[in-house]
Amino acid sequence: MIEPLARSFRRPGAGLGRRLAGARRFVGLSRLNLLAAVLVGLVVLAAVFGELLAPFPPNQITLLDRLKPPSSIHLFGTDDYGRDLLSRVLTGARISLQVATIVLSISVVVGTTLGAVAGLVGGLVDEAIMRVTDLFLAFPALILAAAIAATLGADLSTTVLALATVFWPWYARLVRGQVLSLREREFVLAARVAGARTSRIVRVHLIPNVLPFVIVQLSLDVGYVILSTSALSFLGLGAQPPTPEWGAMLTDARGYLRDAWWFPTFPGLALAFTVVAFNLLGDGLRDWLDPRLRRR
Amino acid sequence: MRRLLARRLIFVVFVLWGVTLITFFLARVAPGDPARLIAGAHANAAAIANVRALYGLDQSLVVQYGHYMGDLLRGDLGTSFVTRRPVAADIGAFLPATAELSLFALLAGSSAGIALGVFAALRRGSRSDTAARLIAVASLSMPAFWLAMLLQLVVYSRLGWLPFGGRLDTGMAPPPQVTGFMTIDSLLAGQPETFVASVRHLVLPVFTLAMAEVGLMARIVRTSMLEVIGEDYIRTAEAKGLARRRVVVRHALRNALLPAVTVLGLEAALLAGGVFLVETIFAWPGIGRYAYDAIRASDYNAIMGVTVVGAVIYVAINLVVDIAYLYLDPRIRYS
Amino acid sequence: MRRRWPALLVSALFIVSACGTGEPSPAGSATPGGGTPGPTATPAVAPLDRDPDTLVVAVDAFNADFDPASAYLLSEALIWRGIYESLIRLKGDSASEVEPLLADTWEANADKSSWTFHLHPGVTFSDGEPFDAQAVKDNYVRTIGLELGTNFILGAFITDPATQIVVVDPLTVRFDIGAPTPHFDLVMAAQYGTGIVSPRVFREHSTGDADQGHEWLLGNAVGTGPYVMETLAPGDQVVLVQNPNYWRGWDGAHFKKVIIRSIPEASTRRQLLESGEVDIAYAGTPEDTAAVRADPRFFVGDFKNLDLTYIILGAYGPLAKPEARQAMNYLFPYDDFLNTVQKGTLERAHGVFPDLLLTQDPDVFMYQTDIPKAQQLLDAAGVAPGTELTYEYYTGFGKEAGLIMQDQLAKVGLKLKIVEKEFSAMNADLTTDRPVEERASMYYWGWWPDYNDPSNFSWILFHSGAAPDACPCYNSGYYKNARVDEIIDAGFTETDAAKLAAMFKEAQDILVRQDPAWIPVGQQLDETYFRSDIAGQVFNPLYILTWDYYALSRE
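Quick caveat, the model's predicted, so the values are computed rather than measured. (Residues numbered from 1 in each chain as written. Chains lettered and ligands numbered in written order. Predicted model: local features only at pLDDT ≥ 70, side-chain atom pairs only at ≥ 80, totals over all residues.)

Student: A description of the overall build of chain B should follow, citing residues and the corresponding values.
Tutor: For chain B, the helix and strand inventory stands at 14 helices and zero strands. Along its sequence from the N terminus, chain B presents helices and strands in the succession α-α-α-α-α-α-α-α-α-α-α-α-α-α. Classification of the 335 residues of chain B by burial places 50% in the buried group. Sequence-distant contacts, at least 24 apart, represent 70% of the contacts inside chain B between residues at least 6 apart. (Helix = DSSP H or I, 4+ residues; strand = E, 2+ residues; numbered from the N terminus. Buried ≥ 20, exposed ≤ 12 C-beta atoms within 10 Å, placed from the backbone. Contact = placed C-beta atoms within 7 Å.)

Spelled out as C-alpha cells, the structure:
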C-alpha cells in the first residue's frame, strides 16, 4: 500500500498544461482555496502596481489636510500629516511583500541547506546543526530582533536580518525531518542499490518530495513575517519614518482610534487581510499537496 | 529512554549557555550607556564614573561576563538599572503576572481551538469546514493591539461591564503572594472579593490573547486529525463497526494531539511578542513590558535576566513535551 | 451565523465605539481647535464611586529612586515630592520668588557670599528622628560628596561641604560659599538635589562609604514631608498615606491617600479620567487634549513651564557655517507645526531661553519661515544641492518635527535622513565624543534648568566646555563661540541684575541670529488633565510635571 511518494506529485519540469490543470484542481478543491487565490492575487497586484495606481505620493505632507475622514478625494482619509492613507497602504503592500520575500528567501536557502545536510550526512554533523538550530529557536525572538536593531541601527534592512535569523531554524527542522523519513523509503533505497549518485537522488527524489512541505510552510510564514515586521516597527525597531510600512503606520495611529478611526483601521485591515490571504493559501496548499491528507 | 533523556539534558545546558553568551555580548555591543542614564541628564563626569563603577560597567567585557556567570550560577541575576531592584526580584514580581495571563489565554484559546479543529476535521469539505477554517484564520490574523483597544473602548468605556486593565481594582490590596497568580492566591487566602476582581480583570486581556490561540490550534488539530483519520488503524476500527465518535475520541484525537502538544511548547516563545502589546494597553504589570523597557534603556541585567529565564522556560516546556510524546505515542515508546 | 461571527463582532464593536463615547466631546471630529460642545446639559463632575479622600493619579511610568543624591528623573520626583522637603521652595507659580518651607527665615551677608537659614523648630522625620541643622549638614555633605548624579546642583557652589556648611546652632545653618552668589536662594529651592532624608538612614542602612544608605533608599523613603510610602509595586502603582506627625498639621481639606498608577497607554489614561477612576492624568495626543479641554467636567491647565524643546544644529559638517544654520532656522514651518501638528499644545519659543528665565529678552529676534531666503543662505554657505543631513530623535519625542524638516529640506534640494533611536542610545549619542562623520546634523531634544539662572541654563548647553569632547554634557552641537563663553562665565558671579540682563541679551542675539546653535521649537505647556472637583493645584514652571499633594483637595 505504500506508493512511492514521487508519483503523487507533478514532476519538476512538467508542462504548462499540466500546471494549469493542477491550479484549477487546487481552486476547485474548496471555496476557501478560491478565496485564497483571489485575495493573494489582490495583494500581489497591490504590491506590484500599487504605487502606480496611488492617487497621491505616499509621503507628501499637507499639514492643513491632516486627519481628514474618508472622502471622494481621499478614499481612506488622511493621516496625522495630511498624507493620503490609500496611497500609503498600497505602498505598504509592496514593502511588506518585499520584506517577506527577502526574509523567506534567506531562511529557505540557509535552513534548507543546513537541514538537508543534517539529514543526509547524519552523525556528528547532524547533532551539531540541530543544536545550533535549537539555540536559535530557544532565543526569545523579540529580544534577538531588538538586540540586532539596537546594534545595527533600527531600519527595515536590520529587520530583515533579524527576522531571517528567527525563521531559518524552522526550515532546517522541516527539511531535516523530511529527509530523514525519505532516506529510508524504498524508492530511495532502490535507487541507491541501482547505483544512483547522491546528487541524482537529491534532485530526482528528495527535492520534489520536500518541496511541497516547504511551499506550504512558506505561504504560512509570509503572514508571520509580515506580522513580525509590523510588530517590530510598532516597537520602534523597524521601518523608519517616513516609510509607509503597515506596522509603523499602526504605531502612529494608535492614539487616534477614537478621534480618527480611519487612521488605525485601514492599515490594520490591510495587514489582517494580507495575513488571512496567505494563511488561507497555505492551508489550501497543504490540504492539496500533503499526501497524508488525501481523500481516499 | 534514560540515555535519550540524559542526552537531551546535556544539550539543554549547551543551549542555555549559548543563549547567555550571545545575549551578553549583543546587549553590551549595542549603543546606549546605562550609566549615563542612571546618573541623570545633569550629572557630571565624576557622577557618571561613580555610577559606572557602582554597577561594574568599567571592567572589560570578558571580566564582566565572568562575574555575571558566576553570579548566575548562584542564582543572582544582578540589579536592574531601571527599577534598581534585583532582577530576580523583578522577574519574580512580573513573571507570574504574565504567566497567569498566558496560561489562561492558552487554556481558553486551546480548548476553543481544539473544539473548532475537531469540528472542522470531521466535516471536511462541507460548508461548516469552510466556515471553521475562515474563523480560525481570521482570528489569528487580527492585530492584537487593535482588538485590545477596541475591547477597552467598548466594554469598559461605553458599557462599563469590565475594568480597563490592571490586575486588581485601584487601591485593592493584593493577597499574600504564594504563586503570584491573583486568582489562586486570593482563593488560598479566602478573599472572595479579591478573587472576583482578579477574574474580572483577566477577561479582556485573556480574550485578546486567546484569539490568536484559537486559530493556531484549530488549524493544527484539524490537520493532524485529517492525517490520523486516514491512517490504517482508524479504518480498521471503523471497519470493525465502532461508532465514529468513539473512534474519533479514543484513537484519532489522542494521536492528533501529539503535534498540537509540540506546538504548545513552541507557542510559549511566540507569545512573547503579542503579550507586550496587550500588557501595555491593559496596564498589566508583566514581563513583556519589563522586557521592552529594559531594551529601551539598555538595562543589561534585566535583558539578560529575561532572556535567560525565557530560554529556560522554553527549554523546560519542550523537555516536558518530549517526555509527554514518549508516553503518548506507543510507537516511539516501544521502539 | 457561526461563519461570520468574528467579522460581525468586530464590525459591531466598531459601530458602537465610533458612535462617539456618549459625552459631549468632539468625537470623530478632526478639525483643529475645539469641537462642538455637547447638545444636552451635562453634569459638571465625572462620576466618583470610590473613596473621595483618595487621590488617584495616572502617569505613564514612574521609577523608584528615593535618594536625593542620585534621583534625577521626573518619573521619580513625582512620587517623592510628597515625601521630601527642602529648606525653602519656589513660591506658588513663580520661578524667581521663594518662600519658607523647612526654614522659616534666611538672610545673606552684604556681598551675598554667605547665606544663613533659620530652621522651623519641632520638626521630626517620619521615623521619629529630629530635624535640625546637623541633619541638614549631614544630608548635603552626603549629596555633594557621594557624587551620584545630583551633586552638581549644590556642589557647583559648595566644593568642600564639610567646611563650608556650618552648624551655628541646632536651628541655624550657614553656607559659606566664598564668592558672591546672588541667587543662592533659587539654588536651594531647586527640585532635585536638595531633599532631606532622615540621617538615621545613613547610619543604619549603609553598606559602606560609597553607599551610605543609597541602596536602601532605592526602595524606601524617610523624610519630613506630608506623606509616607505605604506600598511600592514597580510598574504598577505606588500608595502614599498621610504622615500623622507632619509638622504643618492636617487641618483643612487634604487627601488621606495618594495612589499613583502607571498606565503607559495615553488613550487608556483618558478613558480612566472620563470614567471617573482617576483624578489626574498625564496628557495624551493633541486630539485627546482638545477633547478633554472641551469637556466641562475636566480642566486642562496649558501652563507654561521652563521646559524648552529645540533642534540642536551641529556646528560641524554640512552645517559648520553660521549661514547654513541660519538657513535651517528660516526653513522650519513654525506656525504650521505648532498649530496643526501640535494643535496648540506647544507655544512658540522666543529665542533659546525659556520665556520665564531670568533675563529673557522680549525683543529677541524671531525667524519667520522664508524658503527663498533659506536657499540664498545655503548657497552663501556653500552647501551643495543633494547634500544629505541626518536628524536623530528618540522614540515618542520628535518624529513629527523630523518629518516636517525632511519635507522642507526637500524644497531646497537637500535630503534629510531620519533616525529613530532608543532613549538611552540617543542620550549616549548626545554626550559621547565622536568623529564628525558619525554625528547627526540635528537632534531633537528638550531641557529645563535646575534653577532660574541664565548661566546655569546656558553653560551645559552652549559653553565650549560642555561639548562632548570636553565632558559628557549636552552641548551636542559642539557649539563654540568665544564671546558666548565669556558671558556665561561672567554671569555666574554678576550681581547687578541690569548688567546681567544686558549681557545675556547680547549672548542670545549671538545664539539665535548671528551664530545659531539651535532651531528653538517650543515652550512646553503643562497640559495635565484634572477633574473639575480637584482644587488647590498650583503649577510651578520649574517643578515640572510633579504635584504638591498636600495642597490638593477635593471640592
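This is not the end of the story, as more comes after the structure.
Student: Explain the sheet that holds strand β12 (residues 298-300) of chain C to me, and be specific about the residues and the numbers.
Tutor: All names here are of chain C. The seven strands are arranged β8-β9-β10-β1-β11-β19-β12 in an open sheet whose pairing can be described as mixed. The sheet is open, and its two borders are formed by β8 (227-233) and β12, each paired with just one other strand. With two bridges joining them, strand β11 (residues 280-281) and strand β19 (residues 529-531) adopt antiparallel strand pairing. Residue pairing across strands places I280 opposite F530, the latter belonging to β19. (Pairing = 2+ DSSP bridges.)

Student: Go over the interface of chain B and chain C with me, naming the residues and quoting the values.
Tutor: The interface of chain B with chain C comprises 51 residues on the first partner and 52 residues on the second. Broken down by secondary-structure element, the contributors of at least two residues to the side of chain B that touches chain C are α2 (34-39), α3 (45-54), α5 (87-122), α6 (127-141), α7 (144-158), α11 (244-281) and α12 (287-296) of chain B. Ranked by residues supplied to the side of chain B that touches chain C, first place goes to α7 of chain B with eight residues. Partitioned by chemical class, the residues of the side of chain B that touches chain C number 29 nonpolar, 14 polar and eight charged. (Nonpolar A, V, L, I, M, F, W, Y, C, P; charged D, E, K, R; others polar.)

Student: Which residues make up the sheet that holds strand β4 (residues 103-108) of chain C, and what values do they have?
Tutor: Residues and elements named next belong to chain C. Strands sit in the order β4-β5-β7-β6 across an open sheet of four strands; the sheet is antiparallel. Every interior strand has two partners, whereas the edge strands, β4 and β6 (165-169), have only one. The average undirected angle you get between the axes of adjacent strands in this sheet is 20 degrees. Pairing of β4 with strand β5 (residues 114-119) involves five bridges; the strand directions are antiparallel. Following the sheet pairing, E107 is matched in β5 by T116. (Axes fitted to C-alpha atoms, helices over the stretch in contact; angles between N-to-C directions.)

Student: Residue-level account of the pairing of strand β17 (residues 442-447) of chain C, with values.
Tutor: Residue and element names in this part refer to chain C. In terms of strand pairing, strand β13 (residues 303-313) meets β17 through six bridges, oriented antiparallel. Across the sheet, residue I312 finds its bridge partner in β17, namely Y443. Relative to β17, strand β15 (residues 388-394) runs parallel, the two sharing two bridges. Bridge pairing in β17 links Y391 to M442.

Student: Describe the environment of I510 of chain C, with residues and values.
Tutor: Residue and element names in this part refer to chain C. Summarising the element assignment, I510 is placed in helix α17 (residues 497-514). Classification of I510 as partly exposed rests on a count of 18 C-beta atoms within 10 Å. Placed 149 residues apart in sequence, I510 and D361 show a C-alpha to C-alpha distance of 13 Å. If sequence neighbours within four positions are ignored, I510 has contacts with N481, R483, V484 and D515.

Student: Tell me about the packing of α7 of chain B against helix α8 (residues 266-275) of chain C, residues and numbers included.
Tutor: Following both chains from N to C, one finds α7 of chain B and α8 of chain C inclined at 0 degrees, their axes separated by 11 Å at the closest point. Viewed along their axes, α7 of chain B and α8 of chain C adopt a mutual orientation that is roughly parallel. Counted together, M149, Q152, Y156 and S157 of chain B of α7 of chain B and S267, T268, Q271, E274 and S275 of chain C of α8 of chain C form the full contact between these two elements. A breakdown of the residues in the contact of α7 of chain B with α8 of chain C according to their chemical character gives two nonpolar, six polar and one charged. (Parallel < 35°, antiparallel > 145°, perpendicular 65-115°, else oblique.)

Student: So, the pairing of strand β1 (residues 54-59) of chain C: which residues are in play, and what are the values?
Tutor: On any regular strand, side chains alternate: one points to one face of the sheet, the next to the other face. All names here are of chain C. In terms of burial, β1 is largely enclosed, as five of its six residues are buried. Two elements, β1 and strand β10 (residues 257-262), share six bridges in a ladder whose sense is parallel. Bridging across to β10, V57 finds its partner in I260. As defined by bridge partners, β1 adjoins β11 across two bridges and the pair is classed as parallel. Along β11, the bridge assignment pairs A58 with A281.

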